[in-house]
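Examining the three-dimensional arrangement
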Amino acid sequence: MSVSQAKFEQKGDKFVSKQVDSKKKKKLKKVEEKMLGWGGRDDAKLSIPATVILRYMFTPAEMRADENLRLELEEDVKEECTKLGPVDSVKICENHPQGVVLVRFKDRKDAQRCIELMNGRWFGGRQIHASEDDGSVNHALVRDLEEDAFRLEQFGAELEGD
């Protein structure tokens with residue numbers, strides 16, 4: 001093994017600096033200032049958004065049977081959750097086998113209060129399980145595989161029947 005002194009030389013006639021995306025740089029600077037700076041408000045709280053998962057709110061079969069259920073459920077959940085704090089969005093995962101509703105709060109403290117209120121509560125004859133979303137699973141893409149297999153078999157039978 002041998003060690004030699006490094007040689008620092010410029011390649012070419014002029015220096016070319018690394019290209020940086022100005023929009024990305026501004027956004028990072030703004031986020032950094034928000035997190036680290038006082039912003040002139042010593043007592044203002046920094047709100048950290050959080051998403052709550054409400055499971056067993058419905059079944060996929062109920063969702064397919066009633067076309068108005070999605071809107072009614074979204075309105076009911078939003079109405080109930082806005083009592084606890086500002087809500088960014090409510091998303092119904094229609095094909096999720098556990099009947100998942102995602103509620104995004106503007107502040108994590110409001111999300112924790114929602115979990116305390118909703119966990120164990122009964123809705124539509126089912127007990128709700130509420131927890132904070134860690135972001136590891138995209139609940140909108142989860143599907144009921146048994147129902148999909150049944151529909152595929154049904155479709156195959158219709159094709160063979162014709």
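The model shown is predicted, which means the values in this text are computed figures rather than measured ones. (Residues numbered from 1 in each chain as written. Predicted model: local features only at pLDDT ≥ 70, side-chain atom pairs only at ≥ 80, totals over all residues. Heavy atoms only, no water.)

**Some words on the sheet that holds strand β2 (residues 87-92)**
The strands that make up a sheet pair up through hydrogen bonds in the backbone, lying either parallel or antiparallel. Spatially, four strands are ordered β2-β3-β1-β6 in an open sheet, and the strand pairing comes out antiparallel. With partners counted over all chains shown, the strands left at the sheet margins are β2 and β6 (129-132), one partner each. Within the sheet, the average angular offset between the axes of one strand and its neighbour, ignoring direction, is 20 degrees. Summarising the sheet, strand β1 (residues 50-55) and β6 pair through four bridges and their orientation is antiparallel. By the bridge assignment, L54 is partnered in β6 with A130. (Pairing = 2+ DSSP bridges. Helix = DSSP H or I, 4+ residues; strand = E, 2+ residues; numbered from the N terminus. Axes fitted to C-alpha atoms, helices over the stretch in contact; angles between N-to-C directions.)

**Focus on the pattern of salt bridges**
Per the counting criterion, the structure on display carries eight salt bridges. A salt bridge links R70 to E94, with the shortest nitrogen-to-oxygen separation between them at 2.3 Å. Of this pair, R70 sits in helix α3 (residues 69-82) while E94 sits in the loop between β2 and β3 (101-105); the two residues are 24 residues apart in sequence, bridging distant segments of the chain. Among the residues examined, R70 registers a relative accessible area of 29% and is labelled partly exposed. One salt bridge connects D88 with K106, and the closest N-O pair in it is separated by 3.2 Å. Note that D88 is positioned in strand β2 and K106 in the loop between β3 and α4 (108-118), a separation of 18 residues in sequence. Looking at D88, the relative accessible area reads 37%, which means it is partly exposed. Note on K106: relative accessible area 40%, which makes it partly exposed. Taken together, the shared-partner salt bridges connect R70, E74 and E94 into one network. (Salt bridge = Lys/Arg side-chain N within 4 Å of Asp/Glu carboxyl O. Buried < 20%, exposed > 50% of the residue type's maximum accessible area, 1.4 Å probe, protein only.)

**Structural notes on a negative patch on the surface**
Together, D66, E67, E72, E75, D76 and E79 make up a region of like negative charge exposed at the surface. Tracing the backbone through its elements, the reader meets D66 in the loop between α2 (60-65) and α3. Residue D66 is classed as partly exposed on the basis of its relative accessible area of 33%. (Patch = residues over 30% accessible without salt bridge, like charges linked within 9 Å, V, L, I, M, F, W, Y side chains within 5 Å. Areas by Shrake-Rupley, 256 points an atom, 1.4 Å probe, with all protein chains shown as cover. Lys, Arg positive; Asp, Glu negative; His and termini not counted. Charge placed at Lys NZ, Arg CZ, Asp CG, Glu CD.)

**What to know about the confidence of the model for the protein chain**
Scored by pLDDT, the protein chain comes out at a mean of 83, with 91% of its residues at no less than 70. No element of the protein chain has a lower mean pLDDT than helix α5 (residues 145-161), which averages 80, and none a higher one than β3, which averages 93. (pLDDT = per-residue confidence, 0-100.)

**A word on the environment of V137**
Inspection of the secondary structure puts V137 in the loop between β6 and α5. We classify V137 as partly exposed; its relative accessible area is 42%. Residues V137 and S47 lie 90 residues apart in sequence; the distance between their C-alpha atoms is 23 Å.

**Thoughts on α4**
Every buried residue of α4 is listed here: D110, A111, C114, I115 and M118. For α4, the angular spread of buried residues about the axis comes to 145 degrees, placing them on one side. Pointing more than 90 degrees away from the buried face of α4 are the exposed residues K109 and E116. For α4, the secondary structure elements touched by its buried residues are β1, α3, β3 and β6. Positive backbone phi, approximately 90 degrees, marks G120, located one or two places after α4. (Arc of directions from axis to C-beta. Contact = heavy atoms within 4.5 Å.)

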